[in-house]
Structure formats: C-alpha cells, structure tokens
Amino acid sequence: MYKVVVIGAGISGLSAGIYAARSGFDVTILEQHNIPGGLSTSWSRKGYYFEGGMHWLTGSSPKMPLNRIWHETGALQDNNPIELRDPIYNLIDENGKILSLYRDISQMQKALIEYAPEDKHMIKKMCRAVKDFTNFHLPVLDVRGCKCKTPAPINPMEFIKMVPAILRVPYLMNVSYAEYLAKFKNKNLRHLLSSVIGYRYNALSFIYTLGSFACGDCGYPDGGSIRMANNMLETYKALGGKIEFRTKAENVKVEDYEVRGVVTNKGEFEADAVIVTQDARAAVDCLFDTMIDEPWVNTMRHEAVTEQNMFIGLGVKADLSRLPYCCVFPLEKPFEYAGCKWTELRIYNYAAYKEHSPEGGTTLTCLLIGDCYYFWKAAKADGTYKEKKKELGELFVKELSQFIPEVASAFEVIDVATPCTYERYTGSYEGSWMSVWEKGGKQRNYPQTLDSIWGVYFAGQRIQMPGGLPIAVYTGRLAVQHLCRDTGIEFV
Ligand SMILES: Cc1cc2nc3c(=O)[nH]c(=O)nc-3n(C[C@H](O)[C@H](O)[C@H](O)COP(=O)(O)OP(=O)(O)OC[C@H]3O[C@@H](n4cnc5c(N)ncnc54)[C@H](O)[C@@H]3O)c2cc1C
C-alpha cells in the first residue's frame, strides 16, 4: 500500500488524514503534542475551562458548501450542535448602555442608527454592503485532473449570486479596516465595529465577516475546539488511520528528488508521500535539508503577515451572568503592553456555559491582538519571560476591574499565553494563527506541491489567505486530491 505520513494533527492534518485513509492510503499522522487540534484548542486550569481557539466556525450552516466537508470529516456530529450566538458583540458604554451588533441586518441597522443617528448614512451604506456579502462564501472545488468518487457539485447560480459582492471587492480590498471605521463619527460605534476582526485587515475582511454572520453562518459548535478535534480524530481512527502523539518530525527525508520518509525524535517513518501541515511558512525552512527555492515559497517567505495575540484566561469566583457573552469595553486611555495598544477590551464571558467553571464561578477570556512575537522572544532570551507574563496579567486584571469589579476582588485563576506559547505547542510561524490580508495586498492561494521534490504536499491555514479553520479543513482535502491525481488513485 502507498504509505502517507501527515505531519501534524491540527484541523488540516486531521482533514488530510481522513481523506487519505478514506481513499485507501496507509496513513500515519505524526503529532508533536499529546492531543489533536493544534491551534484550535482549549484547556483547564483549576476547574476553569478556557476556549483558546474557535470563536466561530465558517461553514457551520448547512447552506454553506463547506458544511459538507465539516460533516465528511466528522467534525460536526450530533454531539456538537451549532449555537448561533446573537448578538455577536455588545459594547457597554460609560453609562452602562448596551450597543449590540446583531446578525439580522435590519435589526443591526436599527440598533446602530438608534444609538448613533449621526452615522445614519454610513450605517445604511455598511448594511447594504453586508447584505451583498450574505451570498459570498468559499466555494468548494476539486483539483483539476483528480478523479473524485463524489465530485464537488458546480452550481453556476452559486457564483451568479456572488456577483454583487464581487463588484464591491476592488474598493473594499483597497481600504483598510481602520480607514473604513474612521468614516463613522460616533466613537462607541467605532469601538464596537473595530472588535469584529484584527485591526490590520482590509475592509473587505470586515464586511465579509459580517455578511457570514448575517446569512446564518459562523455558529459555535457545542463543546468547542476540543470536541470538534476529537470528533475528527475518532473519524480518522475508525477509517484505520494511525496516529503517533509526542512525535516531532525533524526532517523530511528526500533522495533523488523523491520523498523517502520522515525523521522524528522517535525514529524514522517510511513514506511514499508526506503531507506537511505545520504552518507552511515555518515548515519550508525547518523540515528540509536543502533550501526550497521555488517562486511560491519565496513569495510566501516575503509576504506572510502574521496575526498574533496574547490570550488571557481568567477564572472568577462570581456569577457574571448579568453580562452578555461578548462584551466590548471602550477605554478612556489605551491599554498598552508588549509594544501594542488597545483602545477597547473585548471579553468573552462564559457565564452561560456552566460546565466551563466550578459552581458559582465564571470563565472570562480575552484576545489581545497585536504584533508582539519579538517582544516575547526577547523576554525569553533575557530571562524575563515569566515575570513579564505575570506583569501583563496583573495590569490586565487592574484594567478590566474598572468594568467588572469582581475580576479584582474574586479572581482565582489567571492564565496568559503569548505567541511564544503558540510557537512552542504548534510550531507556527511567529506563533501566529492566520495571515493578515492587508489593504491593497494580494489574496494569496499558494500551490500545495513542489516542483523540486516529488511526494511533498502542503496543507493548513497559511496556504490560502486569510486562513483559519475553513482553510485548514479545505486545504487538507485539496492536498489529498493532489496526491490522488499524482498517483492515479480515486479520491473518496
Ligand atoms: C486564539 C485563537 C482564536 C481563533 N479563533 C478562530 C475562529 O474563531 N475561527 C477560525 O476559523 N479560526 C480561528 N483561529 C484560527 C484557527 O484555529 C487556525 O487557523 C487553525 O486551527 C489552523 O489549523 P492548521 O491545521 O492549519 O494548523 P495548526 O493548528 O497549527 O496544526 C498544526 C499541527 O501540527 C503540529 N506540528 C507542527 N510541527 C510539527 C512537527 N514538526 N512534527 C509533528 N507535529 C507538528 C502542531 O502541534 C499542530 O498540532 C483561532 C486561533 C487562535 C489561536
């Protein structure tokens, strides 16, 4: 049997493993960690459970073509029904008034205009754009030349319906998210809208995200990251797939320009093909003996703009169910750390998720998005890493307690993760988890194969911008289609 080794058991590695096993390959996944999921993960500290990955899942709606892939890979099952959180964000202003961002476009428009009538014109304009994007989504296509048992259906109507959104793309991709938001006069409205995605994206990414929420997509599968990853792992194992945890790939062995195997900390694994799902930006420079000098790899080396963050998880011995799930608190003075600055705090409140905390407690999490990898790297080098993590935690508690006093008076647990944490656990480049699609930048979809080595395939969030879970699962499938095409095996 044709031996395939998949490096990594994140969402793309599990997806690749499942499709390869289903198509009849002899598959082994090598995972350096002791659990599946990669960046899409959750963990517990003293009874408090922190959802450290998925906040919404693109393709969770049965109307989306990608939904088929989430089901084929067993990611979505009866044990993780989709919750459509609504409102998606809630700003709590200085008077305690709540300004909510709803999924439904007319409800969104009404609430925003009521709060900020001075921005009526811009709000209406934004809502019209969002409406056009309710039909815009990632199409599911097959690799040309691959024989598929069940080809992805091509529905011309699907593409025709995307035309109104496509016509808006040239303008929106050349305006930054910040420039777009600057058109709104109301400060609190700007704070609310700027919490939707990372601040360096283009306006297209913002409108596309709101459009996805508005069409009923972007739900949250019950049980979050870990349940979904475990569902995929069980699906993979049921197909006969093998997995080796705590096994770190150190080198892809190549002879005569062909893959021969993978060298790991636990010895060598023979392979006729290798699917690399470690962040491709990092993998191309650390898994091969010779420098890979191919145009797409060099473009990725030069152009990858990484989305990074510091994650803060808090366990508070208090019932915070008076607050909504996602709260945005505008700051009078920016909160600054690690060379980054935030003008609002966006907090996820898991008070409604009783299983996330011990009796009478609440779990809160926060993503402080910003370019801080080199700050933390330097702290590691000069021995101040732990001290700085502690300092960040203390400053954050102080800042947040202005809005939620129990955070200072009743906090029991604090957990801080930095890009160095993500780098250590997942090997991702600069500890990042998506690519930023900036104003004016090209939307790169990289080829998943190399001309210089036969039998190497890439999958994962870095392969298509901006990345995230949908790209991870989709490129895992595409990598196996490339393999099937090259080996003449039917893709199942
Ligand atoms: C805080 C946070 C919030 C997020 N929120 C969302 C969200 O709401 N929606 C969304 O769509 N996306 C979200 N994402 C992004 C999403 O989680 C990632 O883009 C996605 O999980 C990436 O999957 P992947 O398989 O491409 O890569 P990874 O998850 O990085 O998987 C790679 C795997 O390979 C393993 N590995 C790496 N190198 C080696 C090696 N040499 N040997 C063996 N194993 C190796 C790693 O341990 C890892 O398990 C979020 C990410 C973070 C961190």
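Owing to the predicted nature of the structure, the values given are computational and were not obtained by experimental measurement.

Definitions and limits used
Residues numbered from 1 in each chain as written. Predicted model: local features only at pLDDT ≥ 70, side-chain atom pairs only at ≥ 80, totals over all residues. Heavy atoms only, no water. Axes fitted to C-alpha atoms, helices over the stretch in contact; angles between N-to-C directions. Helix = DSSP H or I, 4+ residues; strand = E, 2+ residues; numbered from the N terminus. Parallel < 35°, antiparallel > 145°, perpendicular 65-115°, else oblique. Left-handed = near helix turned anticlockwise from the far one by under 90°. Contact = heavy atoms within 4.5 Å. 1 Å grid on protein atoms, 1.4 Å probe; cavity = no way out; pocket = protein on both sides within 12 Å on 5 of 7 lines; lining within 4 Å. Points joined across faces, edges and corners; volume = space filled by probe spheres on them. Domains from an automatic or database assignment. Expected span 1.5 Å × (residues − 1). Buried < 20%, exposed > 50% of the residue type's maximum accessible area, 1.4 Å probe, protein only. UniProt positions renumbered as here; feature names shortened; annotations may be inferred. Salt bridge = Lys/Arg side-chain N within 4 Å of Asp/Glu carboxyl O. Phe/Tyr/Trp six-rings, centres within 6.5 Å; stacked < 30°, edge-to-face > 60°. Lys NZ or Arg CZ within 6 Å of the ring centre and 35° of its normal. Pairing = 2+ DSSP bridges.

K.L.:
Sorry, what's going on with the packing of helix α3 (residues 105-115) against helix α4 (residues 120-132) here?
P.N.:
Relative orientation and spacing of two packed helices are given, respectively, by the angle between their axes and the distance between those axes. Axis separation between α3 and α4 bottoms out at 10 Å; the angle between their running directions is 165°. Taken together, the axes of α3 and α4 lie roughly antiparallel to each other. The handedness of the crossing between α3 and α4 is right-handed. Here Ile 105, Met 108, Gln 109, Leu 112 and Ile 113 of α3 come into contact with α4, specifically with Lys 120, Ile 123, Lys 124, Met 126, Cys 127, Val 130 and Lys 131.

K.L.:
What exactly am I supposed to notice about the layout of surface pockets here?
P.N.:
The gaps left among the atoms become clear once a water-sized probe is rolled over them. Approximately 410 Å³ is the volume found for the second largest pocket. Lining the second largest pocket are 19 residues, with Trp 43, Arg 45, Ala 417, Thr 421 and Tyr 425 sitting closest to its centre. Elements supplying a minimum of two residues to the lining of the second largest pocket: β3 (42-45), α14 (385-401), β18 (411-417) and α16 (419-426). With five residues, α16 is the largest single contributor of residues to the lining of the second largest pocket. Viewed by domain, the lining of the second largest pocket spans two of them, domain 1 (3-40 + 224-305 + 442-487) and domain 3 (309-429), each represented by three or more residues.

K.L.:
Please clarify how helix α17 (residues 469-487) should be interpreted in this entry.
P.N.:
Residue pairs three or four apart in sequence face the same way in an α-helix, which turns once every 3.6 residues. In a regular helix each residue adds 1.5 Å, so 19 residues correspond to 27 Å; α17 covers 28 Å between its end C-alpha atoms and thus fits that length. Across the 19 residues that make up α17, a large majority, 16, are buried. Just downstream of α17 lies Gly 488, where phi reads positive at about 70°.

K.L.:
I would appreciate a short explanation of the UniProt feature "domain: Amine oxidase" (unreviewed entry) in the protein chain in the present structure.
P.N.:
Per the UniProt entry, the sites bearing "domain: Amine oxidase" (unreviewed entry) are residues 11-483 in this numbering. Secondary structure content for residues 11-483 is 35% helix and 21% strand, while the C-alpha to C-alpha distance between its ends is 18 Å.

K.L.:
It is not clear to me how the pattern of salt bridges should be interpreted in this structure. Could you clarify?
P.N.:
Oppositely charged side chains can pair when the atoms bearing their charge come close. According to the stated counting rule, one finds 21 salt bridges in the structure shown. Close ionic contact of Glu 270 with Lys 3 constitutes a salt bridge, the shortest N to O distance being 3.9 Å. Pair noted here: Glu 270 is in strand β12 (residues 267-270) and Lys 3 is in strand β1 (residues 3-7), with a separation of 267 residues, a long-range link. Among the residues examined, Glu 270 registers a relative accessible area of 59% and is labelled exposed. Lys 3 sits in the partly exposed class, given a relative accessible area of 32%. The partner of Glu 258 in a salt bridge is Arg 260, and the shortest N-O contact between them spans 3.5 Å. Here Glu 258 falls in the partly exposed class, since its relative accessible area comes to 35%. According to the relative accessible area criterion, Arg 260 is partly exposed, its value standing at 31%. Sharing partners across several salt bridges, the network here consists of Glu 255, Glu 258 and Arg 260.

K.L.:
What is the right way to read the packing of aromatic side chains from this model?
P.N.:
Aromatic ring pairs are described here by two measures, namely the spacing of the ring centres and the angle between the planes. In this structure the tally under the stated criterion is 27 aromatic pairs. One aromatic cluster is present, formed by Tyr 220, Tyr 325, Tyr 348, Tyr 350 and Tyr 353 through successive ring pairs. Over the ring of Tyr 325 we find Arg 85, and its NZ or CZ is 3.8 Å from the ring centre. Positioned above the aromatic ring of Tyr 199, the side-chain terminus of Arg 200 is 6.0 Å from the ring centre.

K.L.:
What is the right way to read the sheet that holds strand β6 (residues 89-92) from this model?
P.N.:
Paired through their backbone hydrogen bonds, the strands of a sheet run either parallel or antiparallel. If you walk across this open sheet you meet the seven strands as β7-β6-β15-β16-β17-β14-β18, and the pairing is mixed. On the outer flanks of this sheet lie β7 (98-101) and β18, each paired with one strand and no other. When the angles between neighbouring strand axes are averaged without regard to direction, this sheet yields 25°. As paired elements, strand β14 (residues 309-316) and β18 share six bridges and run antiparallel to each other. Note on β18: the bridge partner recorded for Gly 313 is Asp 415. Where α16 meets the sheet, it contacts β14 and β18, and its direction lies at approximately 95° from that of β14.

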